[in-house]
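Given next are the chains, with one letter for each unit.
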Amino acid sequence: MFLQIHTVRPVLIISSSHSSLTMASSPIIFSLLFLSIFSTSFAQPSFRPKALLLPVTKDKTTLQYTTVINQRTPLVAASVVFDLGGRNLWVDCDKDYVSTTYRSPRCNSAVCSRTGSTACGTCFSPPRPGCSNNTCSLIPDNTVTGTATSGEVAIDVVSIQSTNGINPGRVVKIPNLIFGCGATFLLKGLATGTVGMAGMGRHNIGLPSQFAAAFSFKRKFAVCLTSGRGVAFFGNGPYVFLPGIQISRFQTTPLLINPVSTASAYSEGEKSTEYFIGVTDIKIGDESVSFNKTLLKIDATSGVGGTKISTVDPYTVMETSIFNAFTSAFVKASAARNITRVPSVKPFGACFSTENVFGTRVGYAVPDIQLVLQSSDVVWRIFGGNSMVRISREVICLGFVDGGVNARTSVVLGGFQLEDNLIEFDLASNRLGFSSTLLGLRTNCANFNFTSTA
């Protein structure tokens, strides 16, 4: 379905089904990382960074990944959900958004054109952030719950830490970062304490594109997730992790464009901002899984099918026929290793006893999973550290879930499968680089040295 929004008010809400794979909510405390650093003076204007840095932390309750965007005047450390395929940054402007540098661009301005907005509206309440007159609008999208609404395009100051790829460096300022004003109700389903979502998708106002434009570096970013605190780099490498291990060898594959938006609400003709890759086969060990391989292709008319990468899905989600064939093949290969299947634990389809499963440097010794890309020589290998979820000392489960028979995307690579893999998105050349697991290199994504050298 698509949506064309012509006014900012009244608010239009669109909800779509989205797999809920989270645990019960409980209060958590978010660390305002680098707050003491950001409270100091900004870097000198003459300093132009070659790369920027954001911490990315996994929330134990929702299994979402969060980061901190330091925004506004005076500075506020805003915790937001890290959304790999989201259009842009959006935050709740309804509650406690106070900033002396907040601005709303006029309709038909260059900023509005950059956002792709064709809607303009008037707010009938007293002026405040998120409620201005003659201002263009966009669609803040909670991609966790599949809920979207119209919201005001806004501009404010953002400060972010630079990096040399080894340590954090000086703090730099972006005076005119474009974002969207969302409503408080959009926060439902997001990690406690977060005030929005940081969209890293392929869009003019996605954060990677805005960061690159602000400092004239290449439109490239890299993400390294972990079960604790990982890291996102923006701009050029190197990427160095303790104990002094530089990650520079990547397999690469084209980033594909889905011609139909996969957002919760969108305008007719809008392309997807999410990152799709061309998986051509799935293997367990060296055996190809038998299923209809046309499901791995993106339909040019409907946009259905294909494989995308997501940080809002905690585990990889597969269309039902793929999931059933994949699970059966994995169970068969595990039985050949004398690994005993036990009753399933939701949301997973196959669980096993740990009795005959040994630990290795790259995780549990189970059959490896291969995602074959454009050729048999380009393979994303998933070892036990990224395939098996520990339920208890006695039980582990295959960390893949059933996405239903009407799945919009056939395979969604989720956060757990991405952890401790360094993934590089080169937007200029439309290529994805992936390291495979860093565990085999005796490091991991938690090993970036966040000790500042500024």
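Right above here is the structure, for reference.
For every chain, the first residue of the written sequence is number 1, and numbering continues from 1 onward in sequence order. The predicted nature of this model means local features are confined to residues of pLDDT at least 70 and side-chain atom pairs, given and counted, to a pLDDT of 80 or more, with totals for whole chains, interfaces and linings taken over all residues. Neither water nor hydrogens contribute to the side-chain values; these are computed over all heavy atoms in the structure.

## Some details on the packing of aromatic side chains
Put simply, the test is: Aromatic rings from Phe, Tyr and Trp, taking only the six-membered ring of Trp, are treated as a pair when their centres fall within 6.5 Å; an angle between ring planes under 30 degrees marks them as stacked, one over 60 as edge-to-face, and anything in between as tilted. Per the convention used, a helix needs a DSSP run of H or I reaching at least four residues, while a strand needs a run of E reaching at least two, with both numbered from the N terminus. Burial status follows relative accessibility: with a 1.4 Å probe on protein chains alone, a residue under 20% of its type maximum counts as buried, one over 50% as exposed, and anything between as partly exposed.
Evaluation of the coordinates by the stated rule reveals 20 aromatic pairs. Here the aromatic rings of Y315 and F416 are separated by 5.8 Å at their centres, their planes lie at 55°, and the arrangement is tilted. Here Y315 is found in the loop between β21 (307–309) and β22 (316–318), whereas its partner F416 is found in helix α6 (residues 415–418), with 101 residues between them in sequence. Given a relative accessible area of 8%, Y315 falls into the buried group. Plain terms: the ring middles of W380 and F434 are 5.0 Å apart, the flat faces sit at 10° to each other, and that makes the pair stacked. With a gap of 54 residues between them, W380 in strand β28 (residues 379–382) and F434 in strand β34 (residues 431–437) connect regions that are remote in the sequence. By relative accessible area, which is 1% here, F434 ends up buried. Site record: aromatic cluster; members linked through ring pairs are F233, Y239, F241, F250, F448 and F450.

## Let's talk about the sheet that holds strand β30 (residues 395–398)
Just so we agree on the cut-off: Two strands make a pair as long as DSSP finds a minimum of two bridges between them. In this description, contact between two residues means that some pair of their heavy atoms is separated by no more than 4.5 Å. Where helices are involved, their axes are fitted lines through C-alpha atoms of the stretch in contact, as for all axes, and angles between N-to-C directions lie from 0 to 180°.
Here four strands make up an open sheet; going across it, the order is β23-β24-β30-β29 and the pairing antiparallel. Two strands close off the open sheet at either side, each with one partner strand: β23 (341–342) and β29 (388–390). Summarising the sheet, strand β24 (residues 351–353) and β30 pair through three bridges and their orientation is antiparallel. The partner of S353 across the bridge, within β30, is V395. Together, β23, β24, β29 and β30 form the strand contacts of helix α4 (residues 320–335), whose direction differs from that of β24 by roughly 10°.

## Description of α4
Turn by turn, an α-helix covers 3.6 residues, leaving residues three or four places apart pointing in a common direction. Our working definition: Expected span of a helix: the number of residues minus one, times 1.5 Å.
Helix length check: α4, at 16 residues, gives a terminal C-alpha distance of 22 Å against a target of 22 Å (1.5 Å per residue), a fit within 8%. Of the positions making up α4, those classed as buried are T320, I322, F323, A325, F326, T327, F330, V331 and S334.

## Quick look at the pattern of salt bridges
As a reminder, the rule being used: Basic side-chain nitrogens of Lys or Arg form a salt bridge, by our definition, when they fall within 4 Å of a carboxyl oxygen of Asp or Glu.
On inspection of all chains with the given rule, the structure shows seven salt bridges. Notably, a salt bridge pairs E419 with K58, separated by 2.7 Å at the nearest N-O pair. Residue E419 is found in the loop between α6 and β33 (421–426), and its partner K58 is found in strand β2 (residues 51–58); the two are separated by 361 residues along the sequence. Given the relative accessible area of 6%, E419 is considered buried. Note that K218 is salt-bridged to D426, the shortest N-O span being 3.1 Å. With K218 in the loop between α3 (207–215) and β13 (220–224) and D426 in strand β33, this residue pair connects regions lying 208 residues apart in the sequence. With a relative accessible area of 37%, K218 lands in the partly exposed category.

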